Number of protein chains: 2
Amino acid sequence: MNNKVISDISEKLREKECKFTSRREHILKVLLENKGKHLCAEEIYNLVKQKAPDVGIATVYRTLELFQEFDIINSMDFGDGRKRYEFGGVEGMNHHHHHLICTKCGAITEVNEDLLEELENRVSKQYDFNITNHQLKIFGICRKCV
Amino acid sequence: MNNKVISDISEKLREKECKFTSRREHILKVLLENKGKHLCAEEIYNLVKQKAPDVGIATVYRTLELFQEFDIINSMDFGDGRKRYEFGGVEGMNHHHHHLICTKCGAITEVNEDLLEELENRVSKQYDFNITNHQLKIFGICRKCV
DNA sequence: GTCAGTGCAAATCTTTTGCATAGCT
DNA sequence: AGCTATGCAAAAGATTTGCACTGAC
């Protein structure tokens with residue numbers, strides 16, 4: 001299943017004259033294998049290093065930026081001073097994206113349903129705003145920390 | 001009106017053995033005078049410098065952190081690599097907090113109604129999660145950029 | 001062969017920290 | 001006096017950039 005995803009993305013890059021190098025493939029695989037984990041650049045770097053020990057962290061950053069431009073991944077920030085990245089689906093439609101953030105233990109839970117459609121319709125009309133994406137962070141105390 | 005707010009906050013700090021110094025007052029005033037503008041630390045620093053030329057940027061950062069601990073302000077990140085700050089109301093209940101972010105011109109529009117109550121009720125039950133706050137960022141193209 | 005991709009090290013940018021001094025109470 | 005607040009400069013941490021080399025096509 002991941003193979004299909006990887007070859008789709010490979011093609012997507014090639015179409016725009018970008019190469020799908022082994023470095024980029026390794027980085028993509030790490031992201032695919034850690035869906036929902038919100039890795040930061042350095043964590044990705046460390047994981048990629050296990051497979052390809054001679055990568056540089058600059059390549060990781062450059063590749064993550066590239067993947068963002070291609071809507072392959074999304075970046076987010078949970079307030080700890082580093083960007084975190086998440087695989088965003090092949091279609092680029094990453095519109096189902098809510099996170100519960102426990103302010104006590106820091107656990108992040110994904111909410112995978114898209115619950116904002118009505119709200120978006122209202123806002124879109126009221127503000128004459130052409131919505132392409134959204135991010136909802138919900139802060140609170142998780143069940144374990146009560 | 002702002003005077004009431006300022007004296008309330010002054011008291012709030014004193015209660016917890018913190019001083020409400022002239023530096024802190026200047027910083028608070030800048031935040032009050034720029035509600036809805038999402039200033040970053042350096043912008044605040046520059047504005048405060050006009051009134052009190054000998055402040056240091058470290059004080060600005062330290063004060064912003066203090067204000068956050070007291071729930072006087074909120075910090076957020078719009079993806080440009082710096083934290084941005086916003087006055088959060090005296091009651092600390094800053095629960096009406098949505099932003100429309102134009103991905104073309106970068107304009108940020110505030111949506112002041114809280115539109116998430118039903119959604120929160122559902123999520124809260126389903127995930128056994130005790131919600132204290134939320135942040136919603138809606139990305140898209142604003143009316144001027146269409 | 002050509003041009004994009006990459007590693008390394010240095011540079012940049014934001015934020016934090018250490019320390020000696022200033023200023024409330 | 002005693003303790004917090006502050007300015008300055010240095011440090012830290014994340015990310016970006018310059019440059020020479022590598023590797024895909």
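What counts, and at which threshold
- Residues numbered from 1 in each chain as written.
- Chains lettered and ligands numbered in written order.
- Predicted model: local features only at pLDDT ≥ 70, side-chain atom pairs only at ≥ 80, totals over all residues.
- Heavy atoms only, no water.
- Helix = DSSP H or I, 4+ residues; strand = E, 2+ residues; numbered from the N terminus.
- Buried < 20%, exposed > 50% of the residue type's maximum accessible area, 1.4 Å probe, protein only.
- Contact = heavy atoms within 4.5 Å.
- Areas by Shrake-Rupley, 256 points an atom, 1.4 Å probe, with all protein chains shown as cover.
- Lys, Arg positive; Asp, Glu negative; His and termini not counted.
- Charge placed at Lys NZ, Arg CZ, Asp CG, Glu CD.
- Buried area = accessible area lost by both parts, 1.4 Å probe.
- Polar contact = N/O pair within 3.5 Å; in protein donor to acceptor, adjacent residues only side chain to side chain.
- Nonpolar A, V, L, I, M, F, W, Y, C, P; charged D, E, K, R; others polar.
- Least-squares fit on C-alpha atoms with pLDDT ≥ 70 in both.
- Near = heavy atom within 4 Å.
- UniProt positions renumbered as here; feature names shortened; annotations may be inferred.

> Would you take a moment to explain the overall build of chain A for this structure?
Assigned secondary structure in chain A consists of 5 helices and 6 strands. Each of the three principal axes of chain A carries a C-alpha extent, and together these read 45 × 40 × 30 Å. A total of 146 residues make up chain A; the buried ones form 47% of that total. Across chain A, the fraction of contacts at a sequence separation of at least 24, relative to all contacts at a separation of at least 6, is 51%. Carbon and sulfur atoms provide 47% of the accessible area of chain A, an area that totals close to 8,000 Å². Taken together, the 22 basic and 23 acidic charged side chains of chain A have centroids lying 6 Å from each other.

> Mind showing me how you'd approach the interface of chain B and chain A here?
A common way to report how large an interface is uses the accessible area buried once the components associate. Taken together, the 35 residues of chain B in the interface contact 35 residues of chain A. Approximately 3,100 Å² of surface area, both sides summed, lies buried where chain B meets chain A, with 63% of it carried by carbon and sulfur atoms. There are 8 residue pairs in polar contact (both at pLDDT 80 or more) connecting chain B and chain A. Of the residues in the side of chain B that touches chain A, the class split is 16 nonpolar, 10 polar and 9 charged.

> Mind showing me how you'd approach the relation of the copies chain B and chain A here?
Turning one copy of the chain about an axis and sliding it along that axis gives the other copy, so a rotation and a shift relate them. Superposing chain B onto chain A takes a rotation of 179° combined with a translation of 0.0 Å along the rotation axis, leaving an RMSD of 0.1 Å. Here the copies are linked by what is in effect a two-fold axis. Identified as the residue of chain B closest to the rotation axis by C-alpha distance is B:Leu136, at 2.2 Å.

> Help me out: how do you make sense of the protein's contact with DNA strand C in this one?
Around DNA strand C there are 20 residues in total, and A:Thr21, A:Arg23, A:Thr59, B:Tyr61 and B:Arg82 lie nearest to it. At the protein interface, 74% of the atoms of DNA strand C within 4 Å belong to sugar or phosphate. A:Gly56 is positioned such that a nitrogen or oxygen atom in its backbone is 2.9 Å from a phosphate oxygen of DNA strand C. B:Arg62 places a polar side-chain atom, nitrogen or oxygen, 3.4 Å from a base oxygen of DNA strand C. Among the secondary structure elements, those contributing two or more residues to the surface near DNA strand C are helix H2 (22-33) and helix H4 (57-69) of chain A together with helix H4 (57-69) of chain B. When its residues are assigned to classes, the surface near DNA strand C shows 6 nonpolar, 4 polar and 10 charged.

> Looking at this structure, how should I read the environment of A:Ile44?
Residue and element names in this part refer to chain A. Mapped onto the elements, Ile44 comes out in helix H3 (residues 41-51). For the pair Ile44 and Leu64, spaced 20 residues apart in sequence, the C-alpha to C-alpha distance is 9.7 Å. Residue contacts for Ile44: discarding those within four places in its chain leaves Ile27, Val30, Leu31, Leu39, Val60, Leu64 and Tyr85.

> What is the right way to read the protein's contact with DNA strand D from this model?
Taken together, 20 residues sit near DNA strand D, with A:Tyr61, A:Arg82, B:Thr21, B:Arg23 and B:Thr59 positioned nearest. In the interface set of DNA strand D, defined as its atoms within 4 Å of the protein, sugar plus phosphate atoms amount to 75%. One nitrogen or oxygen atom from the side chain of A:Arg62 is found 3.4 Å from a base oxygen belonging to DNA strand D. Sorting the residues of the surface near DNA strand D by element identifies H4 of chain A together with helix H2 (22-33) and H4 of chain B as the ones contributing at least two each.

> What am I meant to see in the environment of B:Glu69 here?
As for its placement among the helices and strands, B:Glu69 is situated in helix H4. Measuring from C-alpha to C-alpha, the distance between B:Glu69 and B:Phe87 comes to 13 Å, with 18 residues separating the pair along the chain.

> Quick question: what am I supposed to make of the UniProt feature "binding site: Fe cation" (unreviewed entry) in chain A here?
Residues and elements named next belong to chain A. Taking the UniProt record as the reference, the feature "binding site: Fe cation" (unreviewed entry) is found at His96, Glu117 and His134. Exposure remark for Glu117: the relative accessible area of 56% places this residue in the exposed category. Looking at the secondary structure, you find His134 in strand E6 (residues 130-141). Here the side chain of His134 touches Glu120 through a polar contact of 2.3 Å, side chain to side chain.

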